[in-house]
Structure formats: C-alpha cells, structure tokens
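A structural walkthrough
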Amino acid sequence: MADRNYARDVFVRGLKNAHAMEKQALSIMQPQLNRLEHYPDMSRRLEEHVRETETQVDRLDTLLEQLSERNSSLKDASLSAMGSMAAMGHIPAGDEVLKNSFANLAFENYEIAAYISLITSGRASGLDVDVNLLEKSLGEERRMAEWVADSIPAVTKTFISLHGSGETAKR
C-alpha cells in the first residue's frame, strides 16, 4: 500500500511538472514563430507543434482533475519565464536558427523522457486514470523530435546558402 501511495505522489508531481514543462515549451516555441521567415517548413511544423502542445496541456489538466489535483501556477510561471529567456537568448546570435534547432531537439528529448517516466509512474500507481492520454503526448513528442533531427541538415544548408547570398540567414 505504501508503494502505491508513493507512486501516486510521484505521478501527481510528475503531472504537475509535465504541465509546467509544456508551458515552458510554449514559451520557447512561440517567439520562434515570428523569426522564421526563411524557413517556412520549420515555421509550419512549429505552428503545428504549438497546437499539439496546447492539447497536451489540456490532457494534463484532465488527468489532474481526475485526481482532484491542480497544476502548480508557480511552476508554470517559473518555467514559462525561463523558456522565454532561453528563446530570447539566441536572438542576438548570428546563427539563431541553428541554435534554436539544437535546443528544440534537446528539449523534445527531455519531454520524451518525462513522458516515459510519467507513464511508468501512472501505471505503478494503480490509479484509474487514462494513461493513453500520456501515450498520445509521448507519440507527438517523438514525432516532433524526429522531425527536428531530420530537418537540421536542410536548415543548415539554407542557413549557409542565405548567408552566402547576403540575405539575413539567422531567421
């Protein structure tokens, strides 16, 4: 019984952390959307993933509500602020789009790990919650990570080509 109670605590804490993580993801992606004029494929995919992320936040809210819990407003605000600062940190860089691509890939993999752990703790808790909601989010994160990784060569080539032609390549 104690193990199940602890598993529930780990699961609930994980849900709250994932909620804040997804808020952070939004604060990282949204500023990038305005800075991708030479990278339309990236812009389209990032817009799609913003919508997916908003749905992921809704899924996490649903699971928290099923457990009579709420997200942590403090965690959400703190991580959102950190995400905004991280996104702004690349703006002055001459290779902003490359740095954002690398950071996006790293963050997607962080999210994948978080969802794997969350699904595991959800199952270990024995709670009557729909872990399939988390599986959907995990699938979206895996597809996004794969897309980002696969897009890095094209983004790099476009960056080099634009710079060589005298265009603003960084965004």
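Residues numbered from 1 in each chain as written. Predicted model: local features only at pLDDT ≥ 70, side-chain atom pairs only at ≥ 80, totals over all residues. Heavy atoms only, no water.

1. Section: the overall build of the chain
Put simply, the test is: Each helix corresponds to a stretch of at least 4 residues labelled H or I by DSSP, and each strand to a stretch of at least 2 residues labelled E; elements are numbered beginning at the N terminus. Exposure categories follow from relative accessible area, calculated using a 1.4 Å probe and restricted to protein chains: below 20% of the type maximum is buried, above 50% is exposed, and the middle band is partly exposed. Here, residues are in contact when the closest pair of their heavy atoms is within 4.5 Å. Accessible surface is estimated by sampling points in the Shrake-Rupley manner with a 1.4 Å probe; for residues, cover comes only from the protein chains shown.
Scanning the chain from N- to C-terminus turns up 5 helices and 0 strands. Start at the N end of the chain and walk to the C end: the helices and strands fall as α-α-α-α-α. Burial status across the chain gives 44% buried among its 171 residues. Considering only contacts in the chain between residues 6 or more positions apart, those separated by 24 or more positions represent 82%. Counting every atom, the chain has about 8,800 Å² of accessible surface; 53% of that belongs to carbon and sulfur.

2. Quick look at helix H2 (residues 40–66)
For the record, the criterion: A helix's residues, less one, multiplied by 1.5 Å, set its expected span.
The end-to-end C-alpha distance of H2, which contains 27 residues, comes to 39 Å, matching closely the 39 Å that a straight helix rising 1.5 Å per residue would cover. Directly beyond the C-terminal end of H2, a positive phi value near 55° is found at serine 68.

3. Examining empty space enclosed by the protein
Condition: Here a cavity denotes grid points, spaced 1 Å and computed from the protein atoms alone, that fit a 1.4 Å probe unable to get out, and a pocket denotes an open set having protein on both sides within 12 Å along at least 5 of 7 lines; residues with an atom within 4 Å of a point are the lining. Grid points are joined across faces, edges and corners, and a volume is the space filled by probe spheres set on the points.
For the coordinates displayed, the defined rule picks out 2 cavities of 30 Å³ or more. Approximately 70 Å³ is the volume attributed to the largest cavity. Lining the largest cavity, in full, are Ala25, Ile28, Met29, Leu46, Ala103, Asn104, Phe107, Glu108, Glu111 and Met144. Of all the elements in the fold, those that place two or more residues in the lining of the largest cavity are helix H1 (2–33) and helix H4 (96–125).

4. A few points about the nonpolar core
The line we're drawing: To form a nonpolar core, buried Ala, Val, Leu, Ile, Met, Phe, Trp, Tyr and Cys residues must be joined to one another through side-chain atoms within 4.5 Å.
Formed by 37 residues in total, the largest nonpolar core has its most connected members in Leu15, Tyr39, Val97, Leu118 and Leu134. When contributions to this core are tallied by element, the ones reaching two or more residues are H1, H2, H4 and helix H5 (132–164).

5. A look at the packing of aromatic side chains
The cut-off we apply is this: Only Phe, Tyr and Trp rings are paired, with Trp represented by its six-membered ring, and only when their centres lie within 6.5 Å; those with planes under 30 degrees apart are stacked, over 60 edge-to-face, the remainder tilted.
Using the criterion set out here, one finds 1 aromatic pair in the structure. Look at phenylalanine 107 and tyrosine 110: their rings are 5.9 Å apart centre to centre, the planes differ by 40°, and that puts the pair in the tilted class. With phenylalanine 107 and tyrosine 110 both in helix H4 and 3 residues apart, the pair spans about one turn of that helix. With relative accessibility at 15%, the residue phenylalanine 107 sits in the buried group.

6. So, H5
Rules: Here the bend at a residue is taken as the angle between two axes, fitted respectively to the seven residues that end there and the seven that start there.
Taking 1.5 Å of rise per residue, the 33 residues of H5 would be expected to cover 48 Å, and the 48 Å separating its terminal C-alpha atoms lies within 8% of that figure. Isoleucine 152 marks where H5 bends most, by close to 40°; the proline proline 153 follows one to four residues later.

7. As for the layout of surface pockets
Convention followed: Polar here means any residue other than Ala, Val, Leu, Ile, Met, Phe, Trp, Tyr, Cys and Pro, which are nonpolar, and Asp, Glu, Lys and Arg, which are charged; Gly is therefore polar.
The calculated volume of the largest pocket comes to roughly 220 Å³. If you go around the largest pocket, you meet 13 residues; those closest to its centre are Gly14, Asn17, Ala18, Tyr110 and Ala114. Breaking the lining of the largest pocket down by element, the ones donating at least two residues are H1 and H4. Considering each element in turn, the lining of the largest pocket owes the most residues, 7 residues, to H1. Looking at the lining of the largest pocket residue by residue, the class counts come to 7 nonpolar, 5 polar and 1 charged.

8. Comments concerning the pattern of salt bridges
Quick reminder of the rule: One speaks of a salt bridge when a side-chain nitrogen belonging to Lys or Arg is within 4 Å of a carboxyl oxygen belonging to Asp or Glu.
Applying the stated rule across the entire model yields 9 salt bridges. Between arginine 123 and glutamate 135 there is a salt bridge; the shortest N-O distance is 2.8 Å. Separated by 12 residues along the polypeptide, arginine 123 in helix H4 and glutamate 135 in helix H5 bring together distant segments of the chain. Take arginine 123: its relative accessible area is 52%, and that puts it in the exposed class. By relative accessible area, glutamate 135 is classed as partly exposed at 30%. Look at the salt bridges and you will find they share partners, linking Arg8, Lys16 and Glu69 into a network.

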